[in-house]
Amino acid sequence: MTHMQSVIHIMTSEVFTGAGGSPKASTSRFSSNCGDPAENRVQEKFSCLVRLQIRSPLYKVQGGLMDLLKRCLELESGSEQSIISGHVDHFQSIESEDSGWGCGWRNIQMLSSHLLAQRQEARQVMFGGSGFVPDIPSLQRWLEIAWEMGFDIFGSDTFNRKICGSTEWIGTTECATLFCSFGLRARIVDFGSEVVESLSSSVNDANAGSETRQMRELMTPPKKTASWREVLAGGLMIQMTSTRPIFSWKHAGHSRTIVGVQVQKGLHGIPERRVLLILDPGHRTEALERSLKENIGWQKLIKRGVHTLKKPQYQLCYVDPGIACGEELEQLKTIHSIFIKF
């Protein structure tokens, strides 16, 4: 079994066996210390952004994208077994707005659309309870507020704590930081060699500023450098019940969301195969809709077999159910990761 097969096996094992967790509601992200000027400034920015944030433009798929995918999977012949997420909107990159750099933000938008639709407790706290997915400039401001609130302090130094108006690529850490600032239990899992393990351990050390930057440099590709070693950040997005986790992926500056997994059982001595089902922001939503409605060509757009994933380092980001508050919310300010060595 290759290392990527091991990754897929770990992910699909959890998906098909289920995951525990109990929701705990909390809508306040601030303490009651009204005399703290810094905290008051953050709260004022928070309140202003809730009022001024803009809903992201979205091409609405008639019949629902995931329902169309479900129908196509059911029409397949053979011994496949598939699990897909609940509602997910596809947010495509727009050439005039974010082509070449915005896929990480589009990935966050897809995850957010799922959380807002599938988890009532998340809907109450995300984006000030607005109930919609904001556009990229609004998301950038939410991330800056998260940094100002003390989430991922060392990681924010990489961007000098400024991201608004930037075309810098973001990684899984920024995705987790944004969700954690709302009290969502975003988690990161690293997969890789001993070298990556050492850097991953540095990320978990709250005092390791320079080492944190080293890890971030490894996980964030320099622009226009074809020789950069691809790093996958993400995994599965599965929502069959309220207790199942959500995962997302990114690699080499391009971000995708995995909305399901398919196990193709082997016959006549052939081993079973696992296939990821993905939504790529680089694809046109209308093209996805058309291929699914016609049941023609959608496999090339959505299915990704293990043989296409051969890179040496991977990182998973997922969101556990429930809302953190109090001491647990404070702990989320430091982005930790669990390392699994190949």
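Relevant structure appears above.
Calculation rules
- Residues numbered from 1 in each chain as written.
- Predicted model: local features only at pLDDT ≥ 70, side-chain atom pairs only at ≥ 80, totals over all residues.
- Heavy atoms only, no water.
- Axes fitted to C-alpha atoms, helices over the stretch in contact; angles between N-to-C directions.
- Helix = DSSP H or I, 4+ residues; strand = E, 2+ residues; numbered from the N terminus.
- Parallel < 35°, antiparallel > 145°, perpendicular 65-115°, else oblique.
- Left-handed = near helix turned anticlockwise from the far one by under 90°.
- Contact = heavy atoms within 4.5 Å.
- Nonpolar A, V, L, I, M, F, W, Y, C, P; charged D, E, K, R; others polar.
- Buried < 20%, exposed > 50% of the residue type's maximum accessible area, 1.4 Å probe, protein only.
- Phe/Tyr/Trp six-rings, centres within 6.5 Å; stacked < 30°, edge-to-face > 60°.
- Lys NZ or Arg CZ within 6 Å of the ring centre and 35° of its normal.
- Core = buried A, V, L, I, M, F, W, Y, C linked by side-chain atoms within 4.5 Å.
- Pairing = 2+ DSSP bridges.
- Salt bridge = Lys/Arg side-chain N within 4 Å of Asp/Glu carboxyl O.

Novice: Hey, could you run me through the packing of helix 2 (residues 37-52) against helix 6 (residues 136-148) in this one?
Specialist: Geometry of a packed helix pair, given as the angle between the helix axes and the separation of the axes. Two elements in contact, helix 2 and helix 6, have axes whose closest approach is 10 Å; the angle formed by their N-to-C orientations is 165 degrees. When the axes of helix 2 and helix 6 are compared, the pair comes out roughly antiparallel. As helix 2 packs across helix 6, the resulting crossing turns out to be left-handed. The segment helix 2 lies against helix 6, with Val 42, Lys 45, Phe 46, Leu 49 and Val 50 engaging Ser 138, Arg 141, Trp 142, Ile 145 and Glu 148. In terms of residue class, the contact of helix 2 with helix 6 is made up of six nonpolar, one polar and three charged.

Novice: Just checking my understanding: could you explain the environment of Leu 68 for this structure?
Specialist: Within the secondary structure layout, Leu 68 lies in helix 3 (residues 65-75). Residues Leu 68 and Ser 291 lie 223 residues apart in sequence; the distance between their C-alpha atoms is 9.6 Å. Those residues in contact with Leu 68, other than ones at most four positions away along the chain, are Val 61, Gln 62, Glu 289, Leu 292 and Lys 293.

Novice: How should helix 8 (residues 172-181) be read in this particular structure?
Specialist: The periodicity of an α-helix, 3.6 residues per turn, causes residues three or four places apart in sequence to face the same way. Burial runs high along helix 8: ten of the ten residues are buried. Those residues of helix 8 that sit buried are Thr 172, Thr 173, Glu 174, Cys 175, Ala 176, Thr 177, Leu 178, Phe 179, Cys 180 and Ser 181. Positioned one or two residues after helix 8, Gly 183 has a phi angle of 90 degrees, which is positive.

Novice: Which parts of the structure should I look at to understand the packing of aromatic side chains?
Specialist: Any aromatic ring pair is given by two values, namely how distant the centres are and how the planes are angled relative to each other. Scanning the model with the defined rule gives five aromatic pairs in all. Arranged with centres 6.1 Å apart and planes meeting at 55 degrees, the rings of Phe 127 and Trp 142 form a pair that is tilted. Of the two residues, Phe 127 is situated in the loop between helix 5 (120-125) and helix 6 and Trp 142 in helix 6; the sequence distance between them amounts to 15 residues. What makes Phe 127 buried here is its relative accessible area of 0%. Here Trp 147 and Phe 159 contribute two aromatic rings whose centre-to-centre distance is 5.6 Å and whose plane-to-plane angle is 20 degrees, an arrangement assigned as stacked. With Trp 147 in helix 6 and Phe 159 in the loop between helix 7 (153-157) and helix 8, the pair connects residues that are twelve residues apart, well separated along the chain. By the burial criterion, Trp 147 is buried, and Phe 159 matches it. Three or more aromatic residues joined by ring pairs make a cluster, and in this case those are Phe 46, Phe 127, Trp 142 and Phe 182. For Lys 333, the ring lying beneath its charged end belongs to Phe 151, and the centroid distance is 5.7 Å.

Novice: Before we go on, may I ask you to explain the nonpolar core in this structure?
Specialist: Within soluble globular proteins, side chains that are nonpolar generally end up buried alongside one another. Of all hydrophobic cores here, the largest spans 61 residues; its most connected members are Leu 69, Trp 105, Met 126, Phe 179 and Leu 184. For this core, the leading source of residues is helix 6, giving seven residues. Setting aside residues no more than four positions away along its own chain, Met 126 makes contact with Ser 112, Leu 115, Leu 116, Phe 179, Phe 182 and Leu 184. Counting residues in hydrophobic clusters, the runner-up holds five residues, among them Val 189, Phe 191, Leu 316 and Tyr 318.

Novice: Before we go on, may I ask you to explain the pairing of strand 2 (residues 184-192) in this structure?
Specialist: Looking down a regular strand, the side chains alternate between one sheet face and the other. Buried residues dominate strand 2, accounting for eight of its nine residues. As judged from the eight bridges shared by strand 2 and strand 8 (residues 313-323), these two strands associate in the antiparallel manner. Opposite Ile 188, over in strand 8, you have Cys 317 as the bridge partner. Sheet topology places strand 2 next to strand 9 (residues 338-341); four bridges connect them, and they run parallel.

Novice: I keep staring at the packing of helix 6 against helix 8 and nothing clicks. Help me out?
Specialist: Close contact between helix 6 and helix 8 brings their axes to 9 Å; oriented N to C, the two are set at 75 degrees. Classified by the angle their axes make, helix 6 and helix 8 are roughly perpendicular. Every residue of helix 8 that contacts helix 6 at Leu 139, Trp 142, Leu 143, Ala 146 and Trp 147 is listed here: Glu 174, Thr 177, Leu 178 and Ser 181.

Novice: Can you help me understand the pattern of salt bridges in this one?
Specialist: When the charged atoms of two side chains with opposite charge come close together, those side chains can pair. Evaluation of the coordinates by the stated rule reveals 13 salt bridges. Residues Glu 97 and Arg 106 are paired through a salt bridge, measuring 3.7 Å at the closest nitrogen-oxygen approach. Ionic contacts of the salt-bridge type, sharing partners, join the residues Glu 97, Asp 98 and Arg 106 into one network.

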